[in-house]
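Residue-level listing of the chains:
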Amino acid sequence: MKYYFKIITLIILISVPNILLAEKNFFDEGKNYFKKKEFEKAKFKFEQDIVFHPKNENSYLYLAKIFKLEDKLALANENLNTVILLNPKNEEAIYHLAKLKLKNSDYEGVKELLKKFGKVCSKLCNKSEEIKKELQLSLKK
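Rules used in this analysis
Residues numbered from 1 in each chain as written. Predicted model: local features only at pLDDT ≥ 70, side-chain atom pairs only at ≥ 80, totals over all residues. Heavy atoms only, no water. Helix = DSSP H or I, 4+ residues; strand = E, 2+ residues; numbered from the N terminus. Buried < 20%, exposed > 50% of the residue type's maximum accessible area, 1.4 Å probe, protein only. Contact = heavy atoms within 4.5 Å. Core = buried A, V, L, I, M, F, W, Y, C linked by side-chain atoms within 4.5 Å. Expected span 1.5 Å × (residues − 1). Polar contact = N/O pair within 3.5 Å; in protein donor to acceptor, adjacent residues only side chain to side chain. Salt bridge = Lys/Arg side-chain N within 4 Å of Asp/Glu carboxyl O.

**Student:** Describe the environment of Asn-79, and please don't skip the residues or the numbers.
**Tutor:** In this fold, Asn-79 is placed in helix 4 (residues 73-86). A relative accessible area of 9% places Asn-79 in the buried class. Along the backbone, Asn-79 and Glu-57 are 22 residues apart, and their C-alpha atoms lie at a distance of 9.0 Å. Asn-79 has contacts with Tyr-60, Leu-63, Ala-64 and Phe-67, leaving out every residue within four places of it along the chain.

**Student:** Requested: an account of the nonpolar core, with residues and values cited.
**Tutor:** Core analysis: the largest hydrophobic core is formed by 31 residues, its most contacted members being Phe-34, Phe-46, Leu-80, Ala-93, Ile-94, Val-110 and Ile-131. Looking at this core, the elements with two or more residues in it are helix 1 (2-35), helix 2 (39-52), helix 3 (57-69), helix 4, helix 5 (91-103), helix 6 (107-120) and helix 7 (125-140). Not counting residues within four places of it along the chain, the set of residues in contact with Leu-80 comprises Leu-61, Ala-64, Ala-93, His-96, Leu-97 and Leu-100.

**Student:** Could you give me a rundown of the environment of Lys-115, with the residues and numbers involved?
**Tutor:** Positionally, Lys-115 belongs in helix 6. Residues Lys-115 and Ser-128, spaced 13 residues apart in sequence, show a C-alpha to C-alpha distance of 9.5 Å.

**Student:** So what's going on with helix 3? Which residues, and what values?
**Tutor:** If you check helix 3, its first and last C-alpha atoms are 19 Å apart, about what 13 residues at 1.5 Å a residue would give, namely 18 Å. Buried residues dominate helix 3, accounting for 10 of its 13 residues. Of all the positions in helix 3, only Glu-57, Ser-59, Tyr-60, Leu-61, Tyr-62, Leu-63, Ala-64, Lys-65, Ile-66 and Phe-67 are classed as buried. If you check the start of helix 3, you find a side-chain oxygen 3.1 Å away from the backbone N of Asn-58, and it comes from Asn-56.

**Student:** Which residues make up the pattern of salt bridges, and what values do they have?
**Tutor:** Enumeration according to the criterion identifies 10 salt bridges in this entry. With a closest N to O distance of 3.0 Å, Glu-29 and Lys-45 form a salt bridge. In this pair, Glu-29 is assigned in helix 1 and Lys-45 in helix 2, connecting sequence segments 16 residues apart. Look at Glu-29 and you get partly exposed, because its relative accessible area is 29%. The salt bridge partner of Lys-41 is Glu-38, with a shortest N-O separation of 3.2 Å. For Glu-38, a relative accessible area of 28% puts it in the partly exposed group. One continuous salt-bridge network, built from bridges that share partners, spans Glu-40, Lys-43, Glu-70 and Lys-72.

Right under this line is the structure:
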């Protein structure tokens, strides 16, 4: 009995670090595939990362970028909303969601996001001006 317990313990000790290491690499692998424009592989890796880390806002953000490139705007919108749900201060997600809402002529939604963007921006503040200009141009049409 002690012999089996030692073998099982040894197997677990060998397996656990490998499993944990594999989990950490999904996001990084996805990001590498994204940079290489291998979007299907990247999408799969980000989805794998979400299985192990369901609160990783960055995986949802990259999925949104992929879906936007694939012109699957509903899925991009869904993933951007998830990012904002996980982190309401994620400037990049707010920016991309505002751009999507502009494309869909949801001007009230853009105005709300611009208010939120103004409160949280630190790195992408110049993007707020870009969206305001686009909004004004769209409203003049």
